[in-house]
Structures are given as C-alpha cells and as structure tokens.
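A look at the structure
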Amino acid sequence: MTLLIFLRRKLSLTGTKLGCAEGGCGACTVMVSRFNPHHNQIIHHAVNACLAPLCSLHHCAVTTVEGIGSVASKLHPVQERIAKAHGSQCGFCTPGIVMSMYALLRNSPQPSMQDMEEAFQGNLCRCTGYRPILEGYKTFAKEGGCCRSRRKGNGCCLTSAHEEEHVTSTHSGQQLFDPSEFMPLDPTQEIIFPPELISLGKQPPRSLRFIGERVLWIQPSSLNELLELKAVYPAAKLVVGNTEVGIEMKFKNLLYPVILAPAYIQELSSIQYTENGIEFGASVTLTMLGKKLHEEVNKLPNYRTEVFQAILEQLRWFAGQQIRNVAAIGGNIMTASPISDLNPVFMAAGCKLTLTSKEGKRALQMDDKFFSGYRKTALKPEEILLSIEIPYTKKYFSAFKQSTRKEDDIATITCGMNVVFQQGSNIVKDIKLSYGGIAPTTVLATATCNRLIGRRWGEELMEDACSSLAEEMTLSPSAPGGMVTYRRTLAISLFFKFYLTVQHKLAQMVKPTYVCLSHSHDVKPNYASAIELFHVDSPTSVQLYQAVPPGQSTDDMVGRPIMHLSALKQATGEAVYCDDIPQYENGLYLALVTSTKAHAYIKSIETDDAMAVPGVVTFVSAKDLPGSNKTGPAVCDETVTCVGHIVGAIVADTQAHAQTAAKAVKISYEEIQPVIITIQDAITNQSFYQPVRTIEKGDLAKGFHESDNILEGEIHIGGQDHFYLETNCTLAVPQGEDGEMELFVSTQSASKTQALVAKALGVPASHIVCRVKRMGGGFGGKESRSTILSTVVAVAAHKVKRPVRCMLDRDEDMLVSGGRHPFFGRYKVGFKKNGKVMALDVTYYSNVGNSMDLSLSLLSYSLKLIHSNILFIYFGFGGPQGMMVSESWISDVALCCGVPAEQVREINLYKQGEYTPFNQCLDQFTIDRCWKECVNISDFHQRKARVELYNKQHRWTKRGLSIVPTKFGISFTAIFLNQAGALVHLYTDGSVLLTHGGTEMGQGLHTKMIQVASKTLGIPTSKIHISETSTNTVPNTSPTAASASSDLNGMAVYNACQTLLQRLDPYKARNPKGSWEDWVKAAYFDRVNLSANGFYRTPDLGYDFETNSGHPFNYFSYGVAVSEVEIDCLTGSHKNLHTSIVMDVGKSLNPALDIGQVEGAFMQGVGLFTLEELRYSPQGYLYTRGPGMYKIPAFGDIPTELKVSLLRDAPNEKAIFSSKAVGEPPLFLAASVFYAIKDAITAARAESGLSGPFRLDSPATPERIRNACEDKFTKLCPPPEPGTYTPWDVRV
Ligand SMILES: Cc1cc2nc3c(=O)[nH]c(=O)nc-3n(C[C@H](O)[C@H](O)[C@H](O)COP(=O)(O)OP(=O)(O)OC[C@H]3O[C@@H](n4cnc5c(N)ncnc54)[C@H](O)[C@@H]3O)c2cc1C
Ligand code: FES
Ligand code: FES
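Quantities reported herein were computed from a predicted structural model and do not represent experimental measurements.

1. Considering the overall build of the chain
Along its length, the chain carries 39 helices and 44 strands. Here the C-alpha atoms of the chain give a radius of gyration of 31 Å, agreeing with the 33 Å that 2.2 N^0.38 yields for 1292 residues. Counting only C-alpha atoms, the chain reaches 100 × 80 × 70 Å along its principal axes. The proportion of buried residues among the 1292 residues of the chain is 62%. As displayed, the chain offers around 47100 Å² of accessible surface, 52% of which is attributable to carbon and sulfur atoms.

2. Overview of the site of ligand 1
Lys237, Leu238, Val240, Thr243 and Asp341 are the nearest of the 31 residues found near ligand 1. Within the backbone of Leu238, one N or O atom sits 2.8 Å away from an oxygen atom of ligand 1. For ligand 1, an oxygen atom lies 3.0 Å from a polar atom in the side chain of Asn332. In the complex, the protein chains occlude 92% of the 1000 Å² of accessible area that ligand 1 would expose alone. Residue assignment for the shell around ligand 1 shows that the elements contributing at least two residues are strand S6 (237-238), helix H10 (245-251), helix H15 (329-335) and strand S14 (384-391). For the shell around ligand 1, the element with the highest residue contribution is H15, accounting for 4 residues.

3. Some points on the pattern of salt bridges
Where charged atoms from two side chains of opposite charge come close, those side chains can pair. A complete count under the given rule lists 57 salt bridges for this structure. The residue Glu742 makes a salt bridge to Arg771 at a minimum N-O spacing of 2.5 Å. Remark: Arg771 occurs in strand S29 (residues 768-772) and Glu742 occurs in strand S28 (residues 741-745); sequence separation between them is 29 residues. Exposure remark for Glu742: the relative accessible area of 17% places this residue in the buried category. Residues joined by salt bridges that share partners form a network here, namely Arg8, Arg9, Lys17, Asp579, Asp580 and Arg805.

4. Quick notes on the nonpolar core
Ranked by internal contacts, the top residues of the largest apolar core, which has 255 residues, are Tyr137, Leu433, Tyr435, Trp457, Phe495 and Leu590. Ranked by residue count, the leading element in this core is helix H19 (residues 484-509), at 13 residues. The residues touching Leu433, leaving out its near neighbours within four places in the chain, are Gly416, Met417, Val443, Leu444, Ala445, Thr448, Cys449, Leu469, Phe495 and Phe498.

5. Re the environment of Ser1177
Of note, Ser1177 is situated in the loop between helix H36 (1151-1171) and strand S44 (1201-1206). Ser1177 sits 23 residues away from Asp1154 along the chain, and the two C-alpha atoms are 39 Å apart. The contacts of Ser1177, once residues within four sequence positions are left out, are Ile677, Tyr1183, Trp1288, Asp1289 and Val1290.

6. Considerations on the sheet that holds strand S3 (residues 60-63)
Strand order in the open sheet formed by 3 strands is S2-S1-S3, and the pairing between neighbours is antiparallel. The open sheet has two free edges, formed respectively by strand S2 (41-48) and S3, since each of these has just one partner strand. Each adjacent strand pair in this sheet contributes to an overall mean axis angle of 25 degrees, direction not counted. By the bridge criterion, 8 bridges tie strand S1 (residues 29-36) to S2 in an arrangement that is antiparallel. Its bridge partner lying in S2, Arg34 is registered against Ile43. In the packing of helix H8 (residues 195-202) onto the sheet, the strands contacted are S1, S2 and S3, and the crossing angle to S1 comes to about 50 degrees.

7. With respect to the pairing of strand S17 (residues 428-436)
For strand S16 (residues 413-421) and S17, the ladder comprises 8 bridges, and the chain directions are antiparallel. Bridge pairing in S17 places Met417 opposite Leu433. The loop that links S16 with its antiparallel partner S17 comprises 6 residues; one of these, Gly424, has a positive phi angle of about 65 degrees. With 2 bridges connecting them, S17 and strand S18 (residues 443-444) associate as antiparallel partners. By the bridge assignment for S18, Ser434 is matched with Leu444. Linking S17 to S18, which pair antiparallel, is a turn of 6 residues; within it Gly437 sits at a positive phi near 95 degrees.

8. Some words on the sheet that holds strand S35 (residues 979-986)
Sheet architecture is open: 4 strands sit in the order S37-S36-S35-S39, paired in mixed fashion. Whereas interior strands pair on both sides, the edge strands pair on one side only; in this sheet they are strand S37 (1024-1025) and strand S39 (1091-1097). Here S35 runs beside S39; their pairing, made up of 7 bridges, is antiparallel. Residue pairing for S39: Gly981 is matched across the bridge by Phe1095. Those strands touched by helix H34 (residues 1045-1070) are S35, strand S36 (992-996) and S39, and its axis lies near 140 degrees from that of S39.

9. Digging into the packing of helix H33 (residues 1005-1017) against H34
Any two packed helices are characterised by the angle at which their axes cross and by the distance between the axes. At a minimum axis distance of 9 Å, the contact between H33 and H34 shows a crossing angle of 30 degrees. On the basis of their axis angle, the class for H33 and H34 is roughly parallel. Crossing of H33 against H34: the hand is right-handed. Seen from H33, the contacting residues are Leu1005, Lys1008, Met1009, Val1012, Ala1013, Thr1016 and Leu1017; seen from H34, they are Ser1045, Ser1046, Asn1049, Gly1050, Val1053, Tyr1054, Cys1057, Gln1058 and Leu1061. Residue composition of the contact of H33 with H34, grouped by class: 9 nonpolar, 6 polar and 1 charged.

10. Some words on the UniProt feature "binding site: [2Fe-2S] cluster 1" (unreviewed entry) in the chain
According to UniProt, the feature "binding site: [2Fe-2S] cluster 1" (unreviewed entry) maps to Cys20, Cys25, Cys28 and Cys50 in the numbering used here. With the annotated positions falling across 31 residues, the maximum pairwise C-alpha distance of 10.2 Å places them together in a single cluster. Tracing the backbone through its elements, the reader meets Cys20 in the loop between helix H1 (3-10) and S1. With near-sequence residues (within four places) excluded, Cys20 lies in contact with Cys25, Phe251, Arg810 and Pro1187. In this fold, Cys28 is placed in the loop between H1 and S1. Overall, the relative accessible area of 2% leaves Cys28 in the buried class. The contact partners of Cys28, leaving out residues within four places of it in the chain, are Leu4, Thr16, Lys17, Val47, Asn48, Ala49 and Cys50.

11. Digging into the UniProt feature "active site" (unreviewed entry) in the chain
Sites flagged by UniProt as "active site" (unreviewed entry) map to Glu1224. The class of Glu1224 is buried, set by a relative accessible area of 6%.

12. Quick notes on the packing of aromatic side chains
Counted by the stated rule, this structure contains 37 aromatic pairs. Where Phe308 meets Tyr392, the ring centres are 5.7 Å apart and the plane angle is 55 degrees; that geometry is what we call tilted. Here Tyr392 lies in the loop between S14 and strand S15 (397-402) and Phe308 lies in helix H13 (residues 306-316), a separation of 84 residues in the sequence. Between Trp317 and Phe534, the aromatic rings sit 6.0 Å apart at their centres with planes inclined by 80 degrees, giving edge-to-face as the arrangement. Within this pair, whereas Trp317 is found in the loop between H13 and helix H14 (321-324), its partner Phe534 is found in the loop between H19 and strand S19 (540-544), the two being separated by 217 residues in sequence. As far as the burial class goes, Trp317 and Phe534 line up, both buried.

Basis of the calculations
- Residues numbered from 1 in each chain as written.
- Chains lettered and ligands numbered in written order.
- Predicted model: local features only at pLDDT ≥ 70, side-chain atom pairs only at ≥ 80, totals over all residues.
- Heavy atoms only, no water.
- Helix = DSSP H or I, 4+ residues; strand = E, 2+ residues; numbered from the N terminus.
- Rg over C-alpha atoms; globule rule 2.2 N^0.38 Å.
- Buried < 20%, exposed > 50% of the residue type's maximum accessible area, 1.4 Å probe, protein only.
- Areas by Shrake-Rupley, 256 points an atom, 1.4 Å probe, with all protein chains shown as cover.
- Near = heavy atom within 4 Å.
- Polar contact = N/O pair within 3.5 Å; in protein donor to acceptor, adjacent residues only side chain to side chain.
- Salt bridge = Lys/Arg side-chain N within 4 Å of Asp/Glu carboxyl O.
- Core = buried A, V, L, I, M, F, W, Y, C linked by side-chain atoms within 4.5 Å.
- Contact = heavy atoms within 4.5 Å.
- Pairing = 2+ DSSP bridges.
- Axes fitted to C-alpha atoms, helices over the stretch in contact; angles between N-to-C directions.
- Parallel < 35°, antiparallel > 145°, perpendicular 65-115°, else oblique.
- Left-handed = near helix turned anticlockwise from the far one by under 90°.
- Nonpolar A, V, L, I, M, F, W, Y, C, P; charged D, E, K, R; others polar.
- UniProt positions renumbered as here; feature names shortened; annotations may be inferred.
- Phe/Tyr/Trp six-rings, centres within 6.5 Å; stacked < 30°, edge-to-face > 60°.

Rendered as structure tokens:
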C-alpha cells in the first residue's frame, strides 16, 4: 500500500491529492522527516506519497498539508501566500505545491530563487500558468523582490517596471495582492519532530517484516542479513526509492512477491573517499549524491571535478526533487534503463562498481559489458550492488541530456563524453563516448572512439567523428521511442558540442611552452553560445489592469482583484473534491474494462479469473443496463471502435481489487477493417462524418487572378490532452426508492450527466440528482466526456444497490476520455507583393475520433470531420486550430515576399465594421488598440533590432520574435445552450445562498457570481455563499463551457437579485437607515417570498450555414501577444524569453481572476504549440498516458519576462457589468511562441543557404525544431524512406 492510499482511505486525510500515481505531477507531495543516527540529524524531504510504500516509513514522521495549518485554526504562511497571490485556481495541485514549498522552508527558511525553482521541478499545475505561484513565494526568497534586485541596483524589477508603466499608461499601479498583509514566517513555530522517533532511531536496528496480500516486505537490519535473504530469495527485488519498482508494479502489471528494503543498512548508505575518487553506497539518494558532489566541486580545483560537474548537470534535469529525495544511485544503475541519465556518465568515466553476495565481493568496471541486454546487468541473482566509485577527472569530461521538456522529463538522448590527451598535446590518448537512447542498453561508440585515438583534436577529427557516429549510432526506422532521425542527429550534434567545449578548454590552456597545443584555436566567437549550458533566468512579470474608478463604494467588489473564494481552503487541503467525499460504509469501487483493439467485434468476455480476485462483487456489462444504451454506448456490447472503448466494469471492495480484477478480464476479439488512425488514413478511406461544410465568400477566381503570387502549403496541428489535475470521478448513491439516485460528479455538465444517467437507468430525469461542488480543472474535458464514466458508475450502483465510486487513474483517463482534435489544413493563397492577401482556398480536416460527440459544434469554429478509430473537445473548441492554419499561410506569405511577418499580419488585419467569412459584422472592434499597446509594451521594434543583431553574432543559437492577434467568438454555436438560470435564497439572518447553472472548475466563476450578486444586492461578498451546483436547484443547465458562463449565469444571477431587491424595496423605503438584515427580516415577517430565480437567454443569436447569414456569436474577444524565444539549433531546445499580452476582457469583473485566466490559457497554449504530443502506435494504441511521457508545461517553461495588460476603457455592452468572456480566447496567443520559434528557425536555415516558406507542424517540439534547422549534421542522418518501414508511432 502506498502512503497516499493510506492517508486518503485509512486516515481520511484527503488534502493530499492523487494526480497521476507515477511521481510526475506532485499533487501528492508530503514531507517525510527521519532521524539519521549516524549524523545525529533530522532530515526533512518532500516526497511523492503516491510512490512511497507505507512499509518504507518505519520510524518516519509524515507531515501533510492538513498538519501545517487550516482555515479553521490558523493558516501557515505557505498556505496564505499562495492563496492571496492568486496562485490557486482549481486548487487540485495546490496542496502539493504548498508541501514542496513547506519542505524547502524547513530546510532553508530563506531560500534562493534557484532553490525554489528546483523545489518545484516535480510539481505541475494546469490552471495558473505558474506565474502567480512564484510571485507569492518569491516573498520568502532571500534575494527579495522578483528579480533578485539584479536589474536596477536597489529594489526589484516589478516595482520599477510598474513605475515605468505608470508614466506611459493610466493603468492601475495597484498590485494584484499586497505582501504587507502576509503573516511572517516564524521557523521556531514549526511542528517538532517527535522525540520518541529520535530515541527509537538511536536504538540498534531491528529487522522488520510486513506480510501483505500479495507481497512480503522485509527490511533487514544488517548487510549480512540482507545477503542471506538475497541468497534465499534470489528473485527478490531490492527497493530503496521505489521510483522504478513502484511504476513497474502499478503500470506494467509486474508482481514482485518478495521485496527487500535496504535503505537503513549503513554500508549501502555510506560515502567514502578513496584514492581515485569518492565511493557512494548504492542506497545513497540522488539528493545526497548531488549535495556531496557540490561540496567537492566547491572545494577542489576545476580540472579534478569535471566528472562531478557533469553528474551535477545531469541531476539538474533528473526527475523532480521529490523523486531525487528518495531515488538511489544504485536503483538507477540496476534498473539498467537505456535512457538512464547517470549510466552514460558512469560508463564514460569508467566508474568502478563493487558487487557483493554471501560468497564475497567483486569489483567490475562500468563498461558496455556491464549491461547484458535490455534492463539486464552482469549481476548474478544472489548478488547486490554495494557501491560505486566515481573518479576524479581524467579530463576532459561532459555530459548532455536532451528531452522534450527540460524539467522532469525522460531523456531522448543522454550521453557522457570523456577525452584524455597525450601529455602536453592535443593528441587523443583515450576517448569514451557513451550514449543512452540509441540502443536497448547504454552503449559506447567504440568504433568511433578507436578511429579517433592518436589524432589531433581539430576540425578534421570532428568531421570524421561525426561521419563515423552517423554510421555507428544507427537506429532501425521502427525503433521503440520513434524520433529516429532526430535521435541520430542528436548523437552527432551533442558530440559537436563536446568537441567545441574541449576545444575551448584546450585554448584556455595554451601557453607558449606547450608547443603542440599552439594548434588549438579557441572556438569562433559566433560558436561560443553552442557550449553554454542550458540556463533560464528567474522569471519576472508585470500585470496591468484598470483600477476601479475613484469613489466606487468599498462594498462594491466588482472590478477589484479579490482572491478566489475557495483559495484558502484549497491551500489547506480543506476544499472537498469529488473523491474526497467520505466513504460510505457499504461503498464499493469500480474499475473500467476497456478494449485493447481499435476496431473489432467482441466474440466473448471471460470473467472467471476476475471474479476470483478477493473482494470482487460483480462484473457490469451492457446486459446490466436497465434503460437505453443508445447515447454512445455507456458500456459497449458488440463492436469496439477504439482502443480504450469501455467494454464493462468490475465492482469490488477496494480500488486495488477492482483494478486487479479488471486486468484479469479476458476479451476475445475478431478484428474488423478498416482501422483508421490518422487523418491521412481517413482521407484515403474517405471516412468523413457528414455534413462536410463549405463557406464561400467573394470571388475566389478573381482574387487569384489579381494576385502577384500564389502559394500552396499544409500544416498539421497535433491534438492535446486536457490534463486537468483531477481526473474524471463519479460517486453514485442509490436512494433506495423509485429508482432515485444521487450523483456526485466532477463534471462541467450537471444536467447532461443527469439526463444520460436517467436514460441509461430508464427512469425520469426528475429521479436523478447530480451535484457538483468543484472540479480540479475541466478545460472542456468534462463537458461531455465525463458522462462516459458517470453513466457506467450509475449503472453499476443501480445493479449492486450500493454506493459505487470511481476516480480514474491518469492512464485510464487519458485512454478513455479523448482530447483536443488534431487538425490538418491545406491551403492555396494568392497575394500581392507587399503580402496583402487577395484570395484564399483552405480545407480543414479534423480528426474527431470514433464518435461525433461535440465535434459538429466545434466545426463551426474553425471544416471536414474525419472519422477514426481513436478517441478525441477541448478548451478553445477548434478556434485555436483554425487560427493556427491562418497564421501558417500568413507566415508562408511573409517568407515568400521577404516582408516581415508582422507587416503582413498588420495589413491583413480586420478593421472595424468589416464582415467575417460567416458574415458577422465586427463592431466594438478593439484588435487595433490591442496591437498598438502590445507593440508598445513589448518594445517590439527595439526588440526586433536586438534579435537581428543576436542572430548575426550567433551561429548555433538563434532568436525569433513574433506578434500574433486573436479573435474569438463568444456564444455556444448550438443556440439553445445560450441560456442560464439562477436561484437566490435570502435567509432571515441576512445570509444569502446563491445557486446558478455554472460549475466551478478553478476559473473563479463562483467568485465572480458572488461579486455580481454582492454589487446587485448592495451587500458585502461575505454574506453570500455558494455551496454547489445541482440539478435539483437550477434545472436544465447548459454546460459550463464556451467561455460564456460568466456572461450567461451572471445575467441570470443579476435578474434573480433584481427580483429580490424589488421585493425588499418597500422595507428599505420604510426604514431607510435600517440594515440589510432589518429589511430581510421585515420582509419575512410580512410573508414575502425571499427566494427568487433568475433566467437569461442571449438575444439575437442564430446562424444558417446554408445561407451564410445570421449571428453565430454574441460578440468577439480580442487580444494580441508578442513573444521572443531562443532556440538551440543543435538540440532543438528553446527558451521562452519574453511574452507581452494585451487582452480585451471588457470591464473586468475581477482583474486577478481574469489575468489568471489569461496566463493559464496562454501556458496551455504553450503546451499545445510547443510541447504536448499525443503519440499513437499505428494500431491506435495511445503511448502517452501520463506525465512521464506526456509533457505539459512546467514551472521552467514560463517566459522569463511576462507582461499581461488588460485593455483599458473597453466596456462591452453585451455582457454583465460591461465585462467580456476570458477563458478560452487567450489560449491562441501562445501561437506567438510557435511563430517566434519559426522565425528563429528561419534565421538558422539562412546559415545553410535556405530561404523561403517551409513547413513546420505543431507542436514545435525539439525534434521538429532540430530537424527544421538543416545543416551539415542533419545531412548525415537522412530520414528513412516513407512506406519502407512500420514506424513506432504515427501522427494522428
Ligand atoms: C517521475 C519519475 C521521473 C524519473 N526521471 C528520471 C530521469 O530523469 N532520469 C533517469 O535516469 N531516471 C529517472 N527515473 C527513474 C528512477 O527514478 C531512477 O532510475 C532511480 O534512480 C531509481 O532509484 P530507486 O531507488 O527509486 O529504485 P527502486 O525502484 O527502489 O529500484 C530500482 C531497481 O534497482 C534495483 N536495486 C536497487 N538497489 C539495488 C542494489 N543495491 N543492488 C541490486 N539491485 C538494486 C531494484 O531491485 C530494482 O530493480 C524517474 C522515475 C520517475 C518515477
Ligand atoms: S499523484 Fe503522485 S506525483 Fe502525481
Ligand atoms: S490550480 Fe493548479 S492545477 Fe488547477
């Protein structure tokens, strides 16, 4: 059992969250403290509770988020600051981030910014965009302020930037929060480590045994006992950090019946100096390893510690801190992973390993014979690894790791490189180039190395080495992991970096006496940046918004940056999410049984083995549906149409039993053709959903005729997983009479959930209540997709007549729920020499997966829907993909004309009063204002000059700049959804209970609705409460989606409040000096109805595709962003250097929430356009099913400088209190990062003589960036001929 399950299920401490169960999101972070008797020291570490075996915590103290503070008693400063700095939106990641920060402060009460950045490497947040979290926590940093006072001598950049802005703008100088309100941190007040654990820790160690249902866990007390046990149980696994074994048991279905836990054996944890280096016991954690190596690097001369420095560089990018705190050096070696980050270093450095068994010790050199096969080593079964000796440098030494995301990602290629020269020369005496990610094991490039021995370190050697590596480091075109061309190119490019690094070091050593070395020239100045280590400065930010007008009543909270009203509870773990609802005594758990085939007929389902698993109650299948199975099968009965199609479910007493049994269900299939996975498959098979829609406007032929130039192009835009931190979750509670059922669901769509459950159960909707307190993120993923789980859980609960719950594991959620649609755009564009577009013919293909779901509505935003055998609605609803295609042809036009892209964009921008292709007139048009302000605040023109200068001076790193506008139509395109209801109760004590049709998923809707009610009723927000969204209070609600919820629900709330006000008016008139409470009481005693509902429908909506007329949207939201990036042309990595955003949100209801939405959406867009890649096998199996392989942006991905400005004086007459929708529109602004990358690649290609348009598909991952930066190294690795092999993955 993991610590997380123990906390949540046994102790009901639900503050600690489950986000992934694989150590990749940090939602489960707790602090583990232990006493080290050898150093007489208490050690505090942030740890992932989802991977920590409970058995490993003997004599440890565990501190959870509940333990450090609460709203009810007293907040801890760490909790207070994240909440008040607006660093918590949905709040699901918040307890984990709080605990990472808390653990850091326990070790270092005044951390540096770098400490903080490291502490958060293992935490993800999908909502906030990270900026506000860092902003709040910077207040603990010893550097003070936000820029460590680097910029202006005294004081911080934030203050000075604000001051500068004040000069040029009438924006508010107020900060979004006031740090002077914060409680001080008093380290003396922290909870103490339990003294009894110190006394117990001082006693001689005793061996321990835990006997579980399936596993025997033994913690031996001595090395001898461990070796005896290993002799008895040679197949037993040694577990230290469990970061590898835990994953194998949870996700790879492996079972290790005997586990030996050697963490406390002194010999395995010791660190000793030897003649040649330092010997580390195999159980030394990576954090300890790093600490020791740091000490040595600071102490010893540089040349002796090059290996240590290389290891430290690898550790910087190794997992997150929670993992490094527990994972051991021995675990990394013995896992023998081909993409281990440390093994290539150890191999290139020739580290010595000491192995031991009952029979005695032996030493082995770490070379390519040590790894005997995929995840196999030269150890005998009864042997264990005792220690590893890491030598002082035999110069020169470097290590490199390249991965999709820099922080906490597994390597694409990782390597260690070592060269030794003949005395006093630059003639190679010995060289070792060791690679991970090229073969099933870590390998040495032996042939290349042999060719280089005896040669002089120079250009010729480098060219020869690269050609040799291209021949030696080959990969099958079908190699697991894919990215074959990229990986091969990387192997060479990284060697080139090593070559330059050594060249530079040699040049530093040249002295007149070293005659031979005088051949060594330093690297050319324009090559110097190629050898710099990847480093991103600490981020700084500015937020600008319009303050409320002077004289606005202090009770009127509209327009003020008030905190999300649940933020404090979220920061303390007291906020209740669906799976935090206490267990029912007779409650059961459900696990889904899903299809492993993309398109097949189910021949049989065999459940005997599953039913034999302890605790299993039943298997639920289509036969158990009392009602209809027609709304997209709740559980499939005959044919599966995607991998992950729900075939049935197991119900058991615990989640573990249910999941074990679900895996034991055997399904036999008869596969059906065709299997359509990619857009190209669908085009070939003409597999299109109907209708295929066309919009025509103007005279296309005339436009092409009048053009100076015509070009054609294509772009593919990959899909995206929602990656809400809280996965889909449902608790269904049968009420025992009349088929009534109460559902607690994490859904954006309570009414749809109610309707589909009623249909599946064959009861009227009035018998089903769906309740939603809050969600841990939704982003469109819980708009309709949540019903596929809630319906199954309801059917199961109906069958067993007991409460049933299911919170999907991350891998299940990613498999069954679908995501953003991939798009393929093909265009032909005609334009004038100056870039003015005259004609455009564009076809959009969207991969909508195996079911239509909401895809037809999505089509209205962006136009062919393809049917495939994979699953795919998301935040943005097709808008971003549609706009991305437009920006692609704009970029091509600019490159073709040789005109700056910003000029082409500007001359093609809409103007006030113009009509869209769907014939809606653009009034209240603000994009020109946003554009001007964004050019201004980003210092665009000077920035561009700097970028151009930089690019002239640097060959292997390039910068790029881009400005991109967005226009997003607001309204549901299904007209009937543009309605909302609200219900407001006044109680006799004056308190107000507000309910409306929208759900809270972090966007702050409830907070905004309370602000609206407070302003309308004229009472403080503290008197108003929202408890939940439920179908028995406000019926027939529209999903909380399309960014329209504040507009719709806000008006409904306003209308309900107005009704109540009118009823109270006589009592106010009678007693004008009375209080709110007096008026409410007087009305009550006068028998006035103190409950009112409100309703709103957006007027004047309706669009007809056939006649291309009407109004699809109520209004448009606008924004503009400028981004600057730097790319490493040799590796494809990029840094987001600067982003300025100007967003029109009308008259903001709450600037803090709106800026939070802008930044959060922008960062999701950064993920969409630069990082996140859904990878499928050619058979439609989704490989990317968790944070390990699917990389959403992390703390390190935010722009180093981020300015966000809400357009001032832009009231919107079409929504509540002149505000505008904000959720989705800013997402597309991240395309500015994509096109800045493309700009930088253009500069890189120019170095190779390439110019003109080129295709860059989205996302711009390091792989795509590197492959597009064509040079002499890419030429050595031509891509395999398409059609001659079966690739490992396909682009869907
Ligand atoms: C979220 C996450 C991120 C990760 N990121 C990285 C990364 O960036 N780079 C990377 O290289 N790895 C990464 N890993 C893999 C893993 O963390 C490392 O391999 C880690 O060093 C394993 O150590 P452990 O103590 O947790 O191993 P455990 O899981 O405890 O054990 C791993 C294996 O080593 C064996 N073993 C342990 N000690 C001994 C011994 N003394 N003698 C014999 N056998 C022994 C065990 O039997 C088992 O087979 C990541 C893992 C996770 C979950
Ligand atoms: S739940 Fe533990 S790291 Fe994600
Ligand atoms: S607030 Fe971080 S995931 Fe929602």
